[in-house]
Amino acid sequence: MNWQSDANEKFTAFAPTLERWYQRHKRDLPWRHTRDPYRIWLSEIILQQTRVAQGRPYYERFVEAFPTVADMARAEERELLRLWQGLGYYSRARNLHQTARYIADDLGGQFPDTYTKLLKLKGIGVYTAAAIASFAFGERVPVVDGNVYRVLARVFGIAEDITTTGARKTFAALAMRLIAFAEDPAEYNQAIMEFGAIQCTPVSPDCLLCPLQQQCRAFLTGQQHKLPVKAKKAPVKQRFFNYLVFRNGNQLAMRARTAKDIWLQLYDFYLIETDEPTEALRDLVVPTASESLVQTGAPARFPETGQQLLSHQRIDAKFWLIDVPDTQKNGLPEGLQWYTPEEIGRLPKPVLITAYLQQKFG
DNA sequence: AAAGCGGGGTT
DNA sequence: AACCCAGCTTT
């Protein structure tokens, strides 16, 4: 037996081995009971950069609220964002809505059914296009997600930095070769991701019970913990948010965020961002538009504080509650509107804002 | 090619 | 505190 047939055996056996492993170990997940492309699409968007355990309840609520793509198309974007609240990466919800309307209105409700066509849709990149094409339509195209990078890097001993374009091409090409030997492309794609999620885990992979143990370059050389190689992320940026929470009776002044920034189209309060933390309200430079509101109101002496840690930013927030008399209530700065508690409950809001409302007003 | 975008779980 | 998650879009 020469090295070439060894290598060949490793390629041909890889997919069938994982497919057999999957038969025995797969979890029972709701989106595995359907071939409806709409539901598979919905599940895949929810699961982008999101763990199954976190995304699952959102999937259940979305299917309940919008059983078909037509139902989703009829809804307002705000309703989707409200249901998406707390899941993060809100552009996913906005793109979901846009694409639902496009499919319902321009494609007559007919879901695009090939990898190439799916890739043109908003919010669908190479991973998601491959996932829908294989799961819903049986197309033989490989998914390459974080799990797949890890499994392939280890089994084939690939030490390229997976954040680079060159490495992405390497892995995509390898994945393409491997799926050729799968009995069922959809099953195989599920299998390799499931394998990465519960067997070939980032930390402490279960190598002792691994069906690929004797083919795994990383195991055979003791390099499991060093693969895959991934460049370090940029340090988190510190930001200071100073919120003026205008109140009139039981109503609060809120607005949808419009900056190309975090939380686009989510609702918060009148915001003054500063480069340094602000200790007292008098230290804050208040724009003319809201000066009189602050002066005629009755601001609390000390603000409530809040923090939110995102993967790329750390936000320290202070909230000054300011009671606005009836005589001033029509003088809100541009964009702000009064909302009752019931209305506020239906607005999509960042976790930071929801936490403040909960803490302050129950 | 690099940066920006959320939030939560795990170690 | 660091890492990671069924990634995509914009610059």
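All figures in this text were calculated on a predicted structure; none of them were measured in a lab.

About the thresholds
- Residues numbered from 1 in each chain as written.
- Chains lettered and ligands numbered in written order.
- Predicted model: local features only at pLDDT ≥ 70, side-chain atom pairs only at ≥ 80, totals over all residues.
- Heavy atoms only, no water.
- Near = heavy atom within 4 Å.
- Polar contact = N/O pair within 3.5 Å; in protein donor to acceptor, adjacent residues only side chain to side chain.
- Buried < 20%, exposed > 50% of the residue type's maximum accessible area, 1.4 Å probe, protein only.
- Helix = DSSP H or I, 4+ residues; strand = E, 2+ residues; numbered from the N terminus.
- Pairing = 2+ DSSP bridges.

## Overview of the protein's contact with DNA strand C
- Among the 27 residues in the neighbourhood of DNA strand C, the closest are listed as R51, G123, G125, D145 and R150.
- By atom count, sugar and phosphate contribute 64% of the portion of DNA strand C lying within 4 Å of the protein.
- Between a base nitrogen of DNA strand C and a side-chain N or O atom of E44, the distance comes to 3.0 Å.
- Note that a phosphate oxygen of DNA strand C is positioned 3.5 Å from one of the backbone N or O atoms of V126.

## Comments concerning the pairing of strand β4 (residues 270–274)
- Here β4 shows one buried face, formed by Y270, I272 and T274, and one open face, formed by L271 and E273.
- Sheet analysis places strand β1 (residues 237–248) next to β4, joined by five bridges and oriented antiparallel. Looking across to β4, one finds that L244 is bridged to Y270.

## Observations concerning unusual backbone geometry
- L227 connects to P228 through a cis peptide bond whose omega is 0°.
- Located in the positive-phi region is S204, a residue other than glycine, with phi close to 50°.
- Following the sequence through the fold, S204 ends up in the loop between α11 (185–198) and α12 (217–221).
- On the basis of relative accessible area, S204 is assigned to the exposed category, the value being 63%.
- With a phi close to 60°, W263 is a non-glycine residue in the positive phi region.

None of this, on its own, says anything about what the molecule does.
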